[in-house]
Amino acid sequence: NGRRLFQPRGKVLGGTGAINGMIYMRGQPEDFDGWAAEGCIGWGWNEVLPYFISCEDQERGASEYHGVGGPVAVSDLRTKHALGEAFHAASEALGVPRNDDFNGAQQEGTGYVQTTTRKGRRWSTAAGYLGDPAKKGIDLRLGAMVERIDLDGKRATGVPWTDRSGRHTARARREVILCGGAFNSPQLLQLSGIGPGALLQQHGITPQHDLPGVGENLQDHFGIGAEYRSTVKSTVNDLYNNKLKGGLQLLRHLMFRTGPFADNGNYSNTFIRSGPEIDRPDMMVTFMAWCTDEHLKPLPFSGFTILAEHMRPQSRGHVRLTGPKPTDAPAIQFNFLADDADQRAAIAGLRFGRKIAATAPMADCVETELTPGAEKQSDADLLDYCRASGLSLLHPVGSCKMGIGSDAVVDPRLRVHGIEGLRVVDASIMPRIVTGNTNAATIMIGEKAAAMINEDAR
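Cut-offs applied
- Residues numbered from 1 in each chain as written.
- Predicted model: local features only at pLDDT ≥ 70, side-chain atom pairs only at ≥ 80, totals over all residues.
- Heavy atoms only, no water.
- Helix = DSSP H or I, 4+ residues; strand = E, 2+ residues; numbered from the N terminus.
- Rg over C-alpha atoms; globule rule 2.2 N^0.38 Å.
- Buried < 20%, exposed > 50% of the residue type's maximum accessible area, 1.4 Å probe, protein only.
- Contact = heavy atoms within 4.5 Å.
- Lys, Arg positive; Asp, Glu negative; His and termini not counted.
- Charge placed at Lys NZ, Arg CZ, Asp CG, Glu CD.
- 1 Å grid on protein atoms, 1.4 Å probe; cavity = no way out; pocket = protein on both sides within 12 Å on 5 of 7 lines; lining within 4 Å.
- Points joined across faces, edges and corners; volume = space filled by probe spheres on them.
- Nonpolar A, V, L, I, M, F, W, Y, C, P; charged D, E, K, R; others polar.
- Core = buried A, V, L, I, M, F, W, Y, C linked by side-chain atoms within 4.5 Å.
- Pairing = 2+ DSSP bridges.
- Expected span 1.5 Å × (residues − 1).
- Salt bridge = Lys/Arg side-chain N within 4 Å of Asp/Glu carboxyl O.
- Phe/Tyr/Trp six-rings, centres within 6.5 Å; stacked < 30°, edge-to-face > 60°.
- Lys NZ or Arg CZ within 6 Å of the ring centre and 35° of its normal.
- Axes fitted to C-alpha atoms, helices over the stretch in contact; angles between N-to-C directions.
- Parallel < 35°, antiparallel > 145°, perpendicular 65-115°, else oblique.

> Help me understand the overall build of the protein in this model?
Secondary structure summary: the protein contains twelve helices and 23 strands in total. Against the compact-globule benchmark of 23 Å for 458 residues, the protein has a radius of gyration of 22 Å, which places it among compact chains. Its C-alpha atoms give the protein principal-axis dimensions of roughly 65 × 50 × 45 Å. Residues counted as buried form 52% of the 458 residues belonging to the protein. Considering only intrachain contacts with a sequence separation of at least 6, the fraction spanning at least 24 residues in the protein is 67%. Of note, the protein has its 50 positive side-chain charges centred 7 Å away from the centre of its 52 negative side-chain charges.

> When you look at empty space enclosed by the protein in this model, what are you seeing that I'm missing?
Where empty space is left in the structure can be found by rolling a water-sized probe over the atoms. The final tally for this structure, using the stated rule, is two cavities of 30 Å³ or more. Here the largest cavity is characterised by a volume of approximately 90 Å³. If you trace the largest cavity, you find it lined by Gln219, Asp220, Phe222, His310, Pro313, Ser315, Phe334, Asn335, Phe336, Leu337, Asp342 and Ala346. Residue classes in the lining of the largest cavity are distributed as six nonpolar, four polar and two charged. Lining the second largest cavity are Tyr24, Met25, Arg60, Asp100, Asp101, Phe102, Asn103, Tyr112, Val113 and Gln114.

> Mind showing me how you'd approach the nonpolar core here?
It is characteristic of soluble globular proteins that their nonpolar side chains tend to be buried jointly. Among the nonpolar cores identified, the biggest contains 52 residues, and Trp43, Phe52, Leu189 and Leu414 are the most heavily contacted of them. Of all the secondary structure elements, the ones that give two or more residues to this core are helix 1 (29-37), helix 2 (45-54), strand 2 (72-76), strand 9 (155-163), strand 11 (176-178), helix 6 (181-191), strand 23 (422-424) and helix 12 (439-457). The dominant element in this core, judged by the number of residues it contributes, is helix 12, at seven residues. Apart from the residues lying within four places of it in its own chain, the contact partners of leucine 414 are Trp43, Met402, Leu422, Arg423, Val424, Val425, Ile429, Ile445, Ala449 and Met452. Among the nonpolar cores identified, the runner-up in size contains 41 residues, and Tyr228, Ile306, Leu337 and Ile356 belong to it.

> Where do I start with the layout of surface pockets in this structure?
Quantified by volume, the second largest pocket comes out at close to 650 Å³. Around the second largest pocket, the lining comprises 21 residues; the ones closest to its centre are Arg3, Arg4, Leu5, Ile332 and Gln333. For the lining of the second largest pocket, the elements supplying multiple residues, two or more each, are strand 20 (331-333) and helix 11 (379-389). Top element by residues in the lining of the second largest pocket is strand 20. It accounts for three residues. Of the residues belonging to the lining of the second largest pocket, the class tally is ten nonpolar, seven polar and four charged.

> It is not clear to me how the pairing of strand 2 should be interpreted in this structure. Could you clarify?
On a regular strand, each side chain points to the face opposite its neighbour's, so the side chains alternate between the two faces of the sheet. Counting buried residues in strand 2 gives four out of five residues, a clear majority hidden from the surface. The sheet contact formed by strand 1 (residues 56-58) and strand 2 spans three bridges and is parallel. Counterpart to glutamine 58 in the pairing with strand 2 is valine 74. Judged from the two bridges that link them, strand 2 and strand 4 (residues 114-115) form a sheet pairing that is antiparallel. By the bridge assignment for strand 4, aspartate 76 is matched with glutamine 114.

> Please explain helix 3 (residues 82-93) as it appears in this structure.
In an α-helix there are 3.6 residues to a turn, and that puts residues three or four apart on one side. With twelve residues, helix 3 should reach 16 Å at 1.5 Å per residue; the first-to-last C-alpha distance of 17 Å fits that figure. Structurally, helix 3 contributes buried residues whose contacts are with strand 3 (109-112), strand 15 (222-230), strand 16 (268-272), strand 17 (283-288), strand 18 (303-310) and helix 10 (340-357). Looking one or two residues past helix 3, glycine 95 carries a phi angle of roughly 100°, positive in sign.

> I tried to follow unusual backbone geometry on my own but got confused; where do I start?
Only a minority of non-glycine residues have a phi that is not negative, and only a minority of peptide bonds are not trans. Omega for the bond connecting alanine 360 with proline 361 falls within 30 degrees of zero, at 5°, which places this linkage in the cis form. Threonine 371 connects to proline 372 through a cis peptide bond whose omega is 0°. Relative to the helices and strands, proline 372 resides in the loop between strand 21 (366-371) and helix 11. Even without being glycine, asparagine 335 reaches a positive phi, approximately 60°. You can see asparagine 335 is positioned in the loop between strand 20 and helix 10. One non-glycine residue, leucine 394, adopts positive backbone phi at about 65°.

> Quick question: what am I supposed to make of the pattern of salt bridges here?
Pairing between side chains of opposite charge can happen when their charged atoms approach one another. Scanning the model with the defined rule gives 25 salt bridges in all. Between arginine 26 and glutamate 56 there is a salt bridge, and its shortest N-O distance comes to 2.8 Å. One end of the pair, arginine 26, is in the segment before helix 1; the other, glutamate 56, is in strand 1, with 30 residues separating them in the sequence. In this structure, arginine 26 and glutamate 56 share a single accessibility class: buried. With its nearest N and O atoms 2.6 Å apart, the salt bridge here joins glutamate 38 to arginine 432. Taken together, the residues span a long stretch of sequence, with glutamate 38 in the loop between helix 1 and helix 2 and arginine 432 in the loop between strand 23 and helix 12 at a distance of 394 residues. The exposure class assigned to glutamate 38 is partly exposed, which follows from its relative accessible area of 33%. Looking at arginine 432, the relative accessible area reads 39%, which means it is partly exposed.

> Which parts of the structure should I look at to understand the packing of aromatic side chains?
The geometry of two aromatic rings is summed up by the distance between their centres and the angle between their planes. Applying the stated criterion to the full structure yields 13 aromatic pairs. Joined through ring pairs, the aromatic side chains of Phe32, Trp35, Trp43, Trp45 and Phe52 make up one cluster. Across the ring face of tyrosine 240, the terminal group of lysine 243 is positioned such that the distance to the ring centre comes to 4.8 Å. Stacked on the ring of tryptophan 43, the Lys or Arg lysine 448 has its end atom at 5.1 Å from the ring centre.

> How should I be thinking about the sheet that holds strand 1 in this particular structure?
Whether parallel or antiparallel, the strands of a sheet pair through hydrogen bonds between backbone atoms. The strand order 1-2-4 describes an open sheet built from three strands, whose pairing is mixed. Two strands lie at the open edges of the sheet, namely strand 1 and strand 4, each paired on one side alone.

> Can you help me understand the packing of helix 10 against helix 11 in this one?
Direction vectors running N to C along helix 10 and helix 11 enclose 100°, while the axes themselves pass 10 Å from each other. The angle between helix 10 and helix 11 places the two elements in the roughly perpendicular class. In contact with Gln343, Ala346, Ile347, Leu350, Arg351 and Arg354 of helix 10, helix 11 contributes Asp379, Leu382, Leu383, Tyr385, Cys386 and Arg387.

Geometry only, nothing functional implied.
This is the structure we're talking about:
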């Protein structure tokens, strides 16, 4: 419907993991085996699982699927929630099995999520990786804006950047590693003359290397929520609207690191298949302990949201320059719902979320459905609601696609095709988005890339 959507980024140490929903979800083995099948040799499930395990500090202890002692803190929610329990029970009544580990043997099922937290506090990659050893090996500059990547012919030689003290240049003895994320990495490549030649010339940039895939293949998870007025008075809305109740729970958190302030509000997931023809779960239905207005302010009564999230979209978008300066915000176009299969999945997920809300014991927690509203029942009405109210789940990936085809930007060792001494290491390299929140897989990419960089250097 031509709407503009909010796209926040964490411009702080720890990146967007410092402001995200903290859900730790790796994706399915088939996701990574699919990468390998497309030519990304070394990125199949058996090759990436060791990196997921080695970087993890799992509160539950080590197992076949989990590790301890790594920099990534993964914890259970500190407190069970009455509405979360009702959500699980209703899902089970609809035939969904209980699943206490979405990163274990299978993803299908219903249960509580795990989060990147430690003892009731947020964990980020800054907390995990920028400790004493890193301080000795990293010259970290804050408040810096990289202008482009300098090239000598077809070799990356460094980056010019500015901060409050002026303009500087960093020179690379071995290689430049670009970790700008799904929006900034393609933008910086394009600013450097690496990308679709016609687009670069349109903005006055001389093409140095025509690479058509830069900025294409953008993917994100699309979410559509049904909102409910709640009979249970233990939602985020209640904490926000009742200062005494909110203050007591804050005090509880400060003293004991428990309660709602030790959680993320996204308590529970139910993974399902959006249709009988789908061979594995592709829909994540999430219980969120709040409902808000369009400015994300909690409504003035008890409420919650059941959010249907399509995890393997077919639609593809792009990130493209709008001007020749790094401060010119790029054009971000997801093309949500461009594919008919994505439309069908969104409607199916919304319908299943409503089924959960109408099934005991969840039904006992519902006073009324606020949106889309009981009068909206047909596929056409629900698709209209998706177009009017659906949101990006803020999981952008894919804009510097890894692969071997003509649309690929980096090879399976994350080296930019046709340019020496330049890699991209972030979520932009995912050829296809994973079936889950993207933070865990992005950290794995960093771990695997570090191993490859060291191996190549040796």
